[in-house]
Structures are given as structure tokens and as C-alpha cells.
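# Summary of the model geometry
Here's the letter readout for the chains.
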Protein chains: 4
Amino acid sequence: MIQITVIQIDNYGPWTVTPNPRRESDLQALQSKLYEDLNLMFGMYGGLVFYTRFDNLIAITNGINLEIHKKIQESVRNRYPFTISMTIASAETPYEAQLLATKTLQEYGSAQDSNRREVLDIANELVDGYVQIAHIDINNITGTLTDVCSTYDTYFKVNMVKLKLMEEFLKYGALLFFIGGDNFMAPSNGMGEEEYLKIFDKIKMDYNIELKAGIGIGKNAEEAANLADIGLEEIRGKRVDKNICILKNENFFKNINKKGKIYGI
Amino acid sequence: MIQITVIQIDNYGPWTVTPNPRRESDLQALQSKLYEDLNLMFGMYGGLVFYTRFDNLIAITNGINLEIHKKIQESVRNRYPFTISMTIASAETPYEAQLLATKTLQEYGSAQDSNRREVLDIANELVDGYVQIAHIDINNITGTLTDVCSTYDTYFKVNMVKLKLMEEFLKYGALLFFIGGDNFMAPSNGMGEEEYLKIFDKIKMDYNIELKAGIGIGKNAEEAANLADIGLEEIRGKRVDKNICILKNENFFKNINKKGKIYGI
Amino acid sequence: MIQITVIQIDNYGPWTVTPNPRRESDLQALQSKLYEDLNLMFGMYGGLVFYTRFDNLIAITNGINLEIHKKIQESVRNRYPFTISMTIASAETPYEAQLLATKTLQEYGSAQDSNRREVLDIANELVDGYVQIAHIDINNITGTLTDVCSTYDTYFKVNMVKLKLMEEFLKYGALLFFIGGDNFMAPSNGMGEEEYLKIFDKIKMDYNIELKAGIGIGKNAEEAANLADIGLEEIRGKRVDKNICILKNENFFKNINKKGKIYGI
Amino acid sequence: MIQITVIQIDNYGPWTVTPNPRRESDLQALQSKLYEDLNLMFGMYGGLVFYTRFDNLIAITNGINLEIHKKIQESVRNRYPFTISMTIASAETPYEAQLLATKTLQEYGSAQDSNRREVLDIANELVDGYVQIAHIDINNITGTLTDVCSTYDTYFKVNMVKLKLMEEFLKYGALLFFIGGDNFMAPSNGMGEEEYLKIFDKIKMDYNIELKAGIGIGKNAEEAANLADIGLEEIRGKRVDKNICILKNENFFKNINKKGKIYGI
């Protein structure tokens, strides 16, 4: 089971143009500051936030209880010109979890309902569960794209790959986020090695771009992401002979009553 | 003529995993802080930065001279664990300008060359020129997507539209960036009303998603973005009868020796 | 017992002038960002940081273990151009605790020893203990100073009061920090009501400035500061008839084996 | 003539306790973020801000016009849960300038008047003028205090020196701010070498603490602070044989019609 928190700035759109449209560089600064802060605050408890649409964010929050969510919600209220709503859900797959969380949020009213403020609710239950994250990057993007194509052309290619990855991962109930450079993170509880490889083959075939991924399985987002990073380093260091390296916190899994199947390990 | 600055974190990839992979929530916080700061600093001089790949960013910098660029470069050096390189170019179209700027940067060495630090150069010339920006959003996304679909499904649709917009704008030498929510900004010097409408028709046909855009033409990114925002408000307020509203700083254009043609106005 | 963490930027002074003196506005921005971050990160676990000398900071960290300190230390390493050292100690009084923590830090070498990096150590032991904080402010500073004297003259008076408070509190092993406006916070485990009043009388006599204080006693800095704030509101609301209001988390104290005497309650 | 801007958060005190006292770690984070931002934004135009009381700040703003002030004021409104007021004045001495600026601010109403928002006004006139800044530090504080005394005892001594310096500088119409570590900055237009030395002698006599100072005279705060820093490095490098080193941008002064006498140079 993965635990997902859906975060939404309350009534943000109207605020950005009231009474007049606010300076765009300020809004970009404001949104990225919120993203920074949420990562610092959730990160203190092993969580990880993805910027998604900046006003609607998705976080992996296994092990993070309601009280901590409340504290983060208050800290935003105390330091920002707006408030945020958050709903939490757990499920076998990340897609299912964010779907449940969103539904609970929507029950409280519209994102642009000026009376709906600071929702904080749990869709089903909080879990410890486990988190499986794939950290994917493009093989030698520096040599093949960054150093030879224009900044925007490389950016375009990265977006092309991103959308295709989003599409493919969705088939397995997995999410896919861009995390900068040529890096993607896919919260993908339950996926097996063959499934990742199949996706990468498709990308290779369609775009002639080769991907590799470290995959980490741990008790929360921080541990999973860290294991994924180490896996990626294993591939880069050619200490494994394929483009996938799955690492798992064995101690953790010995001691828990497994929730959610883990393929291919 | 639009002036574009290409910004690149020096040798960033290797740093993120040296000596060990750094915590992902910290890296996300760090990257978004840089983005925030660059917008605040360039914003103080009417510039606007797009996060692009976070380690490679694109900024509109008409009217911003080399000395100010140097100051921003130093400020990053003084406050971050890394340094940045910046190259500046001007051209009729944003695509051409970023291409020239990237080429100049690449001449100094690889993005992952540990000896290449703090490049600061001008590809051709600094210009005042003018900036044309389209601020595009999705009609009633709150009612049709945010409030009824899951957070990730809405995000997926927005990415789908984004990639298609990137593809279409590229045909006119224009760039397209996501700026949060359901909003996109297209630096698009030289494009005419019909061309925007043609793109929006294609999106409508392909995805059944309706777009509108305020288009601002001004002396720098801030002014253009502000006029674009006002244009968008005009459409929302139904004070214009189509999905496009172009606003131009007439005083500015009366007084300058126009560089670059401006269609459709 | 109060737990204090002493935080020191490693070899900061030399860095600020290497190879040339860095822009002062950047250094001020950098230092205040560090202070912001430390408060956000320690704050997530009920801690509270005082800026002190900005490169040497003092934090109240009851209930915060070594692992969390390590995480904060790493997060600074990951996002700043410098690293920090931290040592932790507990004692009956805040003064004694910071003294022990400092001694442990000094044993590792000089603040300007370029080989001493990222010290993390515990002087004696980590405790849950309790925290007693006085939140002091100046009666009607807005009417008597801010709105009638010059900004700097008010600032001067506040500094005069501050130094005298520091001097007086020190006699009881208590620390005193300025927290903005006309507000001071005194971590002051073990002090009794009469002792605070005696200090305020002295200030009244010497400077004709009247002080009041909410005093909170709780399981950590957050709880103590919150109770102190509520106490201050009680005085402002004239729901108590003197300039001191002590509030204590009774439930917490019922259940713990008290360490350190608590006077006057 | 020095130009000073007085910055005040509008109605801040009441906000911090409405509807309930806000978490102190959040308030500290918020205040230091504002200080960071103001330094980045004013710093982009050669200005320098001192944190003063955090809700009342003093900035040196020679060469910074009303439009830029307005932009900064808007940027705060766009990104913070509060607004700021700013008034600007110029005078022969920093003290006189901040006094005039404060008076203008006070004419608009109380700091805690909920109807007084976003004042922006000029007390007399904006000037280019010049800025004289002394950057003062304590000789060998690391060896004599930081590495041998407790963190708080060193902090106490620094505060003692600070208050005395404030008192002494005030006699010359100069201001004195702590800027971290063992560093102070004194905006001190018009003071001569002998006057600084006299103050340092007094400190030496009273507290047995030796001070030194680089003094910079330039067209704005950035240039003056930079020259002061270089002067301090000259003393540290024993390239001058006393504890004072005054550096002046000669080119600048050749070309301007001097306003305000400059002693001792």
C-alpha cells in the first residue's frame, strides 16, 4: 500500500488576478517557494512532493500522520497569502491512491469555491505500507542532447519522453513525474522488472532514446528514492549488466506484514 | 528582436550524486529555490524565467545588460553550492535566440565539464527590441477537469496539451512553457492572430479542449506578460468576442525603430 | 532538563572573503535563509531556533534525536555553499546546556579550522525533559515608541532593554533572545514568577519601560512558546490582573517523572 | 546626502495573534524570509537592508527610485500574508534621514492602524548623493571568544559591544547594525577617521575589546560596503598600519557635485 496526499491551493486562480493580474515573475517565485517548502517539510518525515501543476501537487506520504499534515497546513497559512487543502488516501497503486484522495477533496467543493478552505481529510486509512519508486534517466543525455542540441530542443525531447512515459506507466497504475535535468521518478508500487523494461523498449523503439532506472523499495518515499538512486549508480558504474537495478530494504520487508504484491524481486 | 538568456547549472548532474546521491526532497527544494531566486532577480529588471529542465533554464531578458547578468551570476555563486553559466542572444524569434545562446554556451565546453565554470557571454548583441507573449489557458478547466477528474488525470491532460502546443508553436519559432495550473506562456515574437487561432483549433480538434489567450506586446517580458494577463481578463470578462485578445504598448512602439515584424496588429 | 543545540557554520568567516569579499546583501540573504530553514526543519519536530549571531545559533531541541539532527545537517550540506556543525547538551538551565554543548564543539577544533567539518555530537545525553519559555513584550510600544519616535530610536531602546534583560536573566541561568518587533523570548527553565517580576521591576526603574510576559511550560519549545503566547494574550485581554501569566501543560507533567524543579507554579 | 528607506510591515503585531497566536518557528521563518527577499530585491539595485526589528527595517537606498520601491512593495504583497509600507528620505546623516522618513510614515497613521496599508512616500527628495559605511569587526574574536567562551557568552559580549557602538555612533548621526558573526555595519556619512578611532578607543577602554574597521565611500550601499570590505582585508593583511582603512571611489567623486561634506579624507 502506498499513501498519497493530494495538495491543492485554495481558490488560487481567482486570487492570481484579483484585483489585477499579479506580476508573473512573482507568481512563479511564489509557486516555486511553496514547492520548496513542502519538500522541506514533508521531507523531514520521509515524504516527497512532486510539483505536478504547482497549484495541485501530489506527495508520497507513507508513515506521515494527520497531525503532521495539519502542522504543514498551518505553516503554509502562517507564511503565504493563501491556504492549502490536503486529502490523503492509500491504495495498492499510486494512481488508485491519488484518485481516492482527489475524490475526497472534491466532495468538499470546487477548487474555486471561496468558502472551501483548508480541507484536511483521509479518504480511507493511513498506512505504513511501502513505497516503490523508479528513478529513470536518459542514457548519456549530455553527450547526445544537452551539448549538441539547443536548450529548447533538448527540453522538447525530454517532454516527449515524459508524456510517453506517463502514458505507459499509467497502464500499471503508476505515476510519472519529471524531477529536473533528464530525470523522472515513477511511484510504481507493484510493478516488476519486466514491465519497466517493456516500457523502456517502447521508448527506444519510438524515439531512439535509451533509458535506465534504479528502482528502490522501502518503507517511505525517502528510503525508496535513496535506494533507487543507489541502483542508478550501480548501473552507471556498470556493476549490473542491464538498464534496471532493483534494490529493496530487506530488513524492513522481513518485519512487516506485506500489503500489496511486489513482483519480480 | 527578442533577447533570450540560457542558464545552465555548471556540472550539476555529477554533483547530485557526489560522494553519494543526495536526498531527493533536498534537491527538489534546491532547484525550486534557484528558480524562485532567478525570477526575483531577473524580475527586478523586467525579465521572466521559465523553469524548463530546472538545471537548464530559459529567460526572456530584453533590456537587461551584461552587468546585471554578472550580478545575478555572482549572487548564485554566493548563496548556492554550485555556480551557473549564462549566455545571451537576440533574434527575430525566441527559438532562434535560444539556439544562438546555446551554441555560444556549448563552445565553452560540456555541461559536465568540471573545468567550465561561470561562462558569461553574448552570442551576438544585446537589444532592447520587444517581447510578444501569449498567456494561454484552458477554458473552464476547473469545471471540466480539476473538480471532476483525478489530480493525476488532469495533470496528464495538461501535459498532453502542453506537448502538442510545444510542437505547434515550434513551427513559428515560438517557445511554450507551462507556468502552473492550466496556464502556458508562449514567447512568440512575430506571430499573428490567425496563427494562434489555427493552433487552438488543432487542439480543439485533437483533444476537444478549448484554449484562449491574451497576447501582450511590450518592451520587456514583464510588460508583455502583464498585457497578456489583461487580455486574458478581457476574454474572461467577455469584453471581446473571441478567444484571442492582443494588447500592445502603443506608446512604446510609436517611439522605437521597430526591429522584427509584428503581424496581425 | 532543557535540551539545547549549538549550531555553527563551519569556517564561515574566511569563506565570506574568499577569494574576495562577497556582496553584503547576498550574505545577509544567505544567513537569513539559513535561519529560516533551520526554523522550518527543527520546527517540524517542535524545536525552535534563535538567530543569535547568525553563524552561531542556539536552538531548543527537547525531544529531537540525533538522527533528525543529522538529517538537518545533511540538508544544509545539500543546499548551501557551506556546512554546519551541531552539538547537543541537556541541563537544568539553558545557560548550562549551551555551555556544555559549546565545550563539546570546541573540543573538535576551532570555528575557523578548515579541517573541522560537520561535527555532530552529544555532550551528555538527550532528554525529553521540559521547556519553560517566557515571551516578553513591551507594554504599548506602538503608542509610546513606534508611532512617535524615529525607527532607529525605537530600535535603540529595544536594544537597551534587550541587553539589560540578557544581563538579568543570566543570573538565573536563563537565556534571552530578541524575536522581532518588541518581543523577546527567554528559555528559562526553573525560574519562578517572582524572579521574572523582579527583573521587570528593574527595567521599569532603570528605563521607565513596562514589560509583560506569558510564560509557557511544556514538553518542547513549540508547546512552551505556544502556551507563553496564550499567556500573553490573557494579559492583553486583561483576564489576569498582573503582568505575568504562567501556563503549563498539566497533563504532560502529571505523566512524567519530573526532571528539574519548577518554581512558583 | 544618504538616502534611507524605512520599511514597516502593516499592522503586523495584531496579525501574529489572530485568530490565535501563530507558531513561533513559522513567524521566525516568515520574518527572515522577508529580510532575505528585501536584501535580494534592493540588492539588485545597489541597496542594502538591515533587519533592525524585523517588522521595522532600515535600508540604504541611494540611487533607487520610487518605481523600484513600488515594485518591491508589490512583490511583497504578491507573496506574503501581509503588506509593507515604505517611506524614503535623504539627509546629511543617516540618523536624520531615517528620522525624516519615519515622520512621514507616522503622518499616515499608526503601525497598527488596520486601515493604513502600503504607504509609499518620499519625505523630501530622492538623491544620488553618496554612502559612507564602516564595516567593523572584533579583532581575533575566534581566538578570544568563539573558541574559548560559551556560545551565549560570546553572543552577550557582542551585544554589549553593539549597544555601546550604537550609543557612540549616534553622537555623530550615524547608525550601527549587527550583520552577523562579529561584524557590524555603520552607515556613517560625514564621519572622519579620528572619530571612528575615538569610538574604538572607548570600547577598548570599557570592555578590553579591540575593533577594526574598513570604511568605504561610494555611490551607493553596495559600492560603499564593498570598499569597506576591501579596507578590512587591507587591515587583516597588515597592508595598513592602523585599525582603520578608508577607501573611496575617487572617480565617482571627481564627477559629482558633492552633496554633504566628507571629513578626514
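The structure we're discussing is the one just above.
The text that follows walks through the structure, step by step, so that each part is easy to find. (Residues numbered from 1 in each chain as written. Chains lettered and ligands numbered in written order. Predicted model: local features only at pLDDT ≥ 70, side-chain atom pairs only at ≥ 80, totals over all residues. Heavy atoms only, no water.)

Quick look at the overall build of chain A now. The helix and strand inventory of chain A stands at 9 helices and 10 strands. Against the compact-globule benchmark of 18 Å for 265 residues, chain A has a radius of gyration of 19 Å, which places it among compact chains. With the C-alpha coordinates of chain A rotated into their principal frame, the extents come out at 55 × 50 × 30 Å. Within the span of chain A, comprising 265 residues, buried residues form 67% of the whole. When contacts within chain A are restricted to residue pairs at least 6 apart in sequence, those whose partners lie at least 24 apart make up 71%. For chain A, the exposed surface amounts to about 8800 Å²; the carbon and sulfur share of it is 47%. Between the centroid of the 29 positive side chains of chain A and the centroid of its 35 negative side chains there is a distance of 0 Å. (Helix = DSSP H or I, 4+ residues; strand = E, 2+ residues; numbered from the N terminus. Rg over C-alpha atoms; globule rule 2.2 N^0.38 Å. Buried < 20%, exposed > 50% of the residue type's maximum accessible area, 1.4 Å probe, protein only. Contact = heavy atoms within 4.5 Å. Areas by Shrake-Rupley, 256 points an atom, 1.4 Å probe, with all protein chains shown as cover. Lys, Arg positive; Asp, Glu negative; His and termini not counted. Charge placed at Lys NZ, Arg CZ, Asp CG, Glu CD.)

Take the sheet that holds strand 6 (residues 131–138) of chain B next. All names here are of chain B. An order of 7-8-6-9-10 is seen for the 5 strands of this open sheet, with the pairing classed as mixed. Unpaired on one side and paired on the other, strand 7 (177–180) and strand 10 (244–248) mark the two borders of the sheet. Across the sheet, the mean angle separating the axes of adjacent strands is 20 degrees when strand polarity is ignored. Bridging between strand 6 and strand 9 (residues 211–218) involves 8 bridges; their strand directions are antiparallel. Bridged to isoleucine 133 within strand 9 is glycine 216. (Pairing = 2+ DSSP bridges. Axes fitted to C-alpha atoms, helices over the stretch in contact; angles between N-to-C directions.)

What follows is about the packing of aromatic side chains. Under the criterion given, the structure shown has 58 aromatic pairs over all chains. Consider the rings of Tyr45(A) and Tyr45(C), whose centres lie 4.2 Å apart with planes at 20 degrees: the pair is stacked. Taken together, the residues span two chains, with Tyr45(A) in the loop between helix 2 (24–43) and strand 2 (48–50) and Tyr45(C) in the loop between helix 2 (24–43) and strand 2 (48–50). Ring centres 6.5 Å apart and planes at 80 degrees place the aromatic pair Tyr35(B) and Phe54(B) in the edge-to-face group. Here Tyr35(B) is found in helix 2 (residues 24–43), whereas its partner Phe54(B) is found in the loop between strand 2 (48–50) and strand 3 (56–60), with 19 residues between them in sequence. Judged on exposure class, the residue Tyr35(B) and its partner Phe54(B) are both buried. Joined through ring pairs, the aromatic side chains of Tyr35(A), Tyr51(A), Phe54(A), Tyr35(B), Tyr51(B) and Phe54(B) make up one cluster. If you follow Arg22(A) out to its NZ or CZ, it ends over the ring of Trp15(A), 3.9 Å from the centre. (Phe/Tyr/Trp six-rings, centres within 6.5 Å; stacked < 30°, edge-to-face > 60°. Lys NZ or Arg CZ within 6 Å of the ring centre and 35° of its normal.)

Right, let's get into the nonpolar core. In this structure, Leu38(A), Leu38(B), Leu38(C) and Leu38(D) are the most contacted members of the largest nonpolar core, which totals 301 residues. Beyond its immediate sequence surroundings of up to four residues, Leu38(A) is in contact with Ile7(A), Gly43(A), Val49(A), Leu57(A), Ile72(A), Val76(A) and Ile84(A). (Core = buried A, V, L, I, M, F, W, Y, C linked by side-chain atoms within 4.5 Å.)

Aligned on chain C, chain D shows an RMSD of 0.0 Å; the corresponding rotation is 180 degrees and the shift along the axis is 0.0 Å. Within this description, the copies of the chain are treated as partners about a two-fold rotation axis. Across chain D, the smallest distance between a C-alpha and the rotation axis is recorded for Ser32(D), namely 2.6 Å. Interface overlap between copies is the fraction of interface residues in one copy that are interface residues in the other; for chain D against chain C it reaches 100%, indicating a shared surface. (Least-squares fit on C-alpha atoms with pLDDT ≥ 70 in both.)

The contact between helix 3 (residues 66–79) of chain A and helix 2 (residues 24–43) of chain D brings their axes to 9 Å, and the two run at 40 degrees. The pairing of helix 3 of chain A with helix 2 of chain D is recorded here as oblique in orientation. Seen from above, helix 3 of chain A lies across helix 2 of chain D with right-handed handedness. For the pair formed by helix 3 of chain A and helix 2 of chain D, the contact residues are Glu74(A), Ser75(A), Asn78(A) and Arg79(A) on the first element and Asp26(D), Ala29(D) and Leu30(D) on the second. The residue makeup of the contact of helix 3 of chain A with helix 2 of chain D, split by class, is 2 nonpolar, 2 polar and 3 charged. (Parallel < 35°, antiparallel > 145°, perpendicular 65-115°, else oblique. Left-handed = near helix turned anticlockwise from the far one by under 90°. Nonpolar A, V, L, I, M, F, W, Y, C, P; charged D, E, K, R; others polar.)

Turning our attention to the pattern of salt bridges. All names here are of chain B. Going through the model one piece at a time under the given rule, you end up with 96 salt bridges over all chains. Residues glutamate 74 and lysine 70 are paired through a salt bridge, measuring 2.9 Å at the closest nitrogen-oxygen approach. Of the two residues, glutamate 74 and lysine 70 are both situated in helix 3 (residues 66–79); the distance of 4 residues between them amounts to about one turn of the helix. Among the ionic pairs, arginine 236 bridges to aspartate 137, the shortest N-O distance being 2.5 Å. Note that arginine 236 is positioned in helix 8 (residues 221–236) and aspartate 137 in strand 6, a separation of 99 residues in sequence. Judged by its relative accessible area of 36%, arginine 236 is partly exposed. (Salt bridge = Lys/Arg side-chain N within 4 Å of Asp/Glu carboxyl O.)

Next up on the list: helix 8 (residues 221–236) of chain C. Residues and elements named next belong to chain C. Spanning 16 residues, helix 8 covers 22 Å between terminal C-alpha atoms, matching the ideal 22 Å at 1.5 Å per step. Within helix 8, burial applies to Ala221, Glu223, Ala224, Ala225, Leu227, Ala228, Asp229, Gly231, Leu232, Glu233 and Ile235. Where helix 8 begins, the capping side chain belongs to asparagine 220, and its oxygen is found 3.3 Å from the backbone nitrogen of glutamate 222. Positioned one or two residues after helix 8, lysine 238 has a phi angle of 55 degrees, which is positive. (Expected span 1.5 Å × (residues − 1). Polar contact = N/O pair within 3.5 Å; in protein donor to acceptor, adjacent residues only side chain to side chain.)

Contacts between the two partners involve 15 residues from chain C, matched on the other side by 15 residues from chain A. A per-residue breakdown of the area chain C buries against chain A is headed by Leu40(C), Met44(C) and Lys71(C), which together make up 56% of the total. For the pair chain C and chain A, the number of links is 4 salt bridges. With a closest N to O distance of 2.5 Å, Glu222(A) and Lys71(C) form a salt bridge. The interface formed by chain C and chain A contains 8 residue pairs in polar contact (both at pLDDT 80 or more). Mapped by element, the contributors of at least two residues to the side of chain C that touches chain A are helix 2 and helix 3 (66–79) of chain C. (Buried area = accessible area lost by both parts, 1.4 Å probe.)

With that out of the way, let us pick up the interface of chain D and chain C. By a widely used convention, the size of an interface equals the accessible area lost when the partners come together. Tallying the contact residues gives 75 residues for chain D and 75 residues for chain C. In this assembly, chain D packs against chain C so that about 6100 Å² is buried in total across both faces, 61% of it on carbon and sulfur atoms. Where chain D meets chain C, there are 2 salt bridges. Across the pair Glu222(D) and Arg23(C) runs a salt bridge, and its minimum N-O distance is 3.0 Å. Of all the elements in the fold, those that place two or more residues in the side of chain D that touches chain C are strand 1 (2–9), helix 2, strand 3 (56–60), helix 4 (94–107), helix 5 (141–146), helix 6 (151–170), strand 7 (177–180) and helix 8 (221–236) of chain D.

This part is about the relation of the copies chain C and chain A. With an axial shift of 0.0 Å and an RMSD of 0.0 Å, the rotation relating chain C to chain A amounts to 180 degrees. When you check the interface residues of chain C against chain A, 100% turn up at the interface there too, and the contact is symmetric in its surfaces.

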